[in-house]
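# Close look at the chain arrangement
Letter by letter, the chains look like this.
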Amino acid sequence: MKSKLPESPGLTECLEASGGTRALRAGNGVYREIPALLRAEYGSERVFLVADENTLKAAGGEFERGLSGAGISVAGRYIFPGEPRLHADYDHVKTLRQKIGTAGAPLVPVAVGAGTVNDLVKLAASELNLPYLCVPTAASVDGFTSYGSAILKDGYKQTMACEAPRCVVADTTVLSRAPAYLASSGFADLAGKVCAGADWIIADTVADFGAKGSERIEPKAWAMVQHGLNDFLTRSAAAAEGDEEALRVLFEALSMTGFSMQYLRSSRPVSGAEHLFAHIWEMENLSIDGNPVTHGHKVGIGSLAAVAFMEIVFADPSGPPPPPSGFRRPSPEERAAGVLAAFAGSPALEGVLKTSAEKFHDEKSAARISEGIRDCWKELRGKVLEQIIPYAEFKALFEKARCPVRPAEINLSRAAVIACARRAQMIRNRYIVLDLAWDLGCFETALARMEESESYLR
Ligand SMILES: [Zn+2]
């Protein structure tokens with residue numbers, strides 16, 4: 001795999017840039033540092049512990065023993081059931097807010113758990129104006145260190161604004177006890193940054209042509225995510241085998257991407273088309289035997305779909321694929337009708353109608369963007385193909401890291417994953433490769449080529 005230079009800015013520099021999180025410890029035996037961190041960074045000797053039955057078993061005992069031995073009291077605790085798998089539902093945030101609120105200030109809420117427990121505590125603590133401590137039990141997502149919380153509210157998976165954890169303490173022995181699917185989920189979430197980077201390159205390019213949802217690359221946030229990324233992926237591929245060093249690399253790399261979100265106050269550096277596929281499946285509550293498919297596994301299949309789509313769109317050095325025969329750009333009314341059909345019966349419909357109208361490019365704007373892109377096609381194509389990992393290599397990397405690579409592994413048909421691109425293009429005003437294909441008129445051609453392919457998503 002090609003390596004991306006220069007080197008990553010490193011954890012310390014990322015922490016300094018984050019503006020929110022003050023300390024991150026990842027390694028073996030790091031819980032012993034928690035009492036000192038509580039006193040120094042929070043000025044407190046009381047905590048409120050939140051976990052679920054599984055994470056309590058994995059980490060809670062050691063965590064609590066360490067605290068009581070050092071004069072820190074556990075003022076209260078709330079433990080979610082271990083089964084069925086916990087959802088990041090806003091109702092749980094309300095419960096936590098009430099429980100933590102009545103335990104009596106001052107105290108520090110502590111999230112001992114994987115992504116969902118962390119998202120719930122992060123939002124509840126933020127709504128109570130309390131800085132919290134994050135004690136991850138799995139290297140499962142990039143969201144531990146981000147300022148937002150991914151919560152299901154009003155039928156919509158939304159990133160709700162809230163403060164990042166003040167400190168993060170991840171013991172790699174605890175991380176290694178987590179089920180393998182959590183580490184492979186974290187790996188896939190990290191691998192998704194490859195696609196997110198390509199989408200940002202595209203968004204940066206179309207900013208020249210006044211495209212809606214375009215965004216200039218911010219060099220520092222870019223470096224925090226992209227520099228060293230391929231190296232981190234290679235070094236963390238054994239995380240799902242419980243390899244502690246691979247888990248440390250994975251956790252730190254995911255944390256740095258979270259710090260880039262804190263720094264830019266936006267998820268743009270870490271989230272592109274691959275996450276929009278995942279968001280659609282999150283809205284649909286995609287599950288296997290009643291258990292939700294993890295965020296990372298959805299992002300993983302979304303990443304493979306996104307890279308396939310990019311390879312198809314940028315296959316030809318002379319220009320994008322042609323529009324289908326008889327192609328005509330839809331009017332705003334036809335566009336709205338398409339959205340209505342795609343999201344009929346979904347609680348998200350109203351929001352999607354609004355967003356898709358906001359991002360709609362009329363004939364004139366689309367022509368301007370399309371012309372501009374054709375003029376710089378060679379340069380843009382070169383940058384995107386340099387950024388992504390070729391599909392076959394990307395898939396092999398996922399397989400090595402024990403991530404799903406076929407749609408059936410996350411309970412979807414191949415046709416459903418490909419068709420999902422149409423809805424993924426509607427839900428967010430953030431310019432990505434799907435919007436580019438839409439503006440170039442080659443969106444349906446690209447999907448048809450993906451459908452016909454003997455290799456993509458097989
Ligand atoms: Zn993610």
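Residues numbered from 1 in each chain as written. Predicted model: local features only at pLDDT ≥ 70, side-chain atom pairs only at ≥ 80, totals over all residues. Heavy atoms only, no water.

## Examining the pairing of strand S4 (residues 108–113)
Among the six residues of S4, six are classified as buried, and the element is accordingly described as predominantly covered. Burial along S4 is two-sided: Val108, Val110 and Val112 facing one way and Pro109, Ala111 and Gly113 facing the other are all buried. Of the strand pairs in this sheet, strand S2 (residues 46–52) and S4 are connected by four bridges, and their pairing is parallel. By the bridge assignment, Val50 is partnered in S4 with Ala111. Sheet topology places S4 next to strand S5 (residues 133–136); four bridges connect them, and they run parallel. Paired with Val112 across the bridge in S5 is Val135. Handedness of the crossover is the feature at issue here: the chain leaves S4, passes through helix H5 (residues 115–127), returns alongside S5, and the resulting connection is right-handed. (Buried < 20%, exposed > 50% of the residue type's maximum accessible area, 1.4 Å probe, protein only. Helix = DSSP H or I, 4+ residues; strand = E, 2+ residues; numbered from the N terminus. Pairing = 2+ DSSP bridges. Right-handed = clockwise from strand over helix to strand, strands pointing away.)

## Focus on the sheet that holds strand S1 (residues 23–27)
Spatial ordering of the open sheet is given by S1-S8-S5-S4-S2-S3, a layout of six strands whose pairing is parallel. Since the sheet does not close on itself, it has two edges, and those belong to S1 and strand S3 (73–80), each with one partner. On average, adjacent strands in this sheet sit at an angle of 15° to one another, irrespective of strand direction. In the sheet, S1 pairs with strand S8 (residues 167–171) via five bridges, with the strands oriented parallel. Residue pairing across strands places Ala26 opposite Ala170, the latter belonging to S8. Most of the contacts of helix H2 (residues 34–42) go to S8, to which it runs at about 175°, and overall it touches S1, S2, S4, S5 and S8. (Axes fitted to C-alpha atoms, helices over the stretch in contact; angles between N-to-C directions. Contact = heavy atoms within 4.5 Å.)

## Here we look at the domain arrangement of the chain
Domain annotation of the chain identifies domain 1 (11–177) and domain 2 (180–452). Inter-centroid distance (C-alpha atoms) of domain 1 to domain 2 is 29 Å. Each side of the interface is counted separately: domain 1 has 36 residues, and domain 2 has 41 residues. Taken together, the two surfaces of domain 1 and domain 2 that pack against each other cover about 3,300 Å², and 64% of this comes from carbon and sulfur. Area buried by domain 1 at its contact with domain 2 is led by Arg85, Asp142 and Tyr147, which between them contribute 21% of it. Where domain 1 touches domain 2, the interface holds two salt bridges. At the junction of domain 1 and domain 2, the tally comes to 15 residue pairs in polar contact (both at pLDDT 80 or more). If one sorts the elements of the side of domain 1 that touches domain 2 by residue count, helix H1 (residues 11–18) sits on top with five residues. (Domains from an automatic or database assignment. Buried area = accessible area lost by both parts, 1.4 Å probe. Salt bridge = Lys/Arg side-chain N within 4 Å of Asp/Glu carboxyl O. Polar contact = N/O pair within 3.5 Å; in protein donor to acceptor, adjacent residues only side chain to side chain.)

## Examining the packing of helix H11 (residues 273–283) against helix H18 (residues 414–424)
Taken N-terminus to C-terminus, the directions of H11 and H18 make an angle of 95°; their axes are 9 Å apart at the nearest point. Relative to H18, the element H11 is oriented roughly perpendicular. Residues Leu276, Phe277, Ile280 and Trp281 of H11 pack against Val417, Cys420, Ala421, Arg423 and Ala424 of H18. Tallied by class, residues from the contact of H11 with H18 come to eight nonpolar, no polar and one charged. (Parallel < 35°, antiparallel > 145°, perpendicular 65-115°, else oblique. Nonpolar A, V, L, I, M, F, W, Y, C, P; charged D, E, K, R; others polar.)

## Some details on the confidence of the model for the chain
In this model, the chain carries an average pLDDT of 94, and 98% of its residues clear a pLDDT of 70 or more. Contacts for the low-pLDDT stretch residues 1–6, under 50 throughout, to residues beyond four places or in other chains number 18 contacts. (pLDDT = per-residue confidence, 0-100.)

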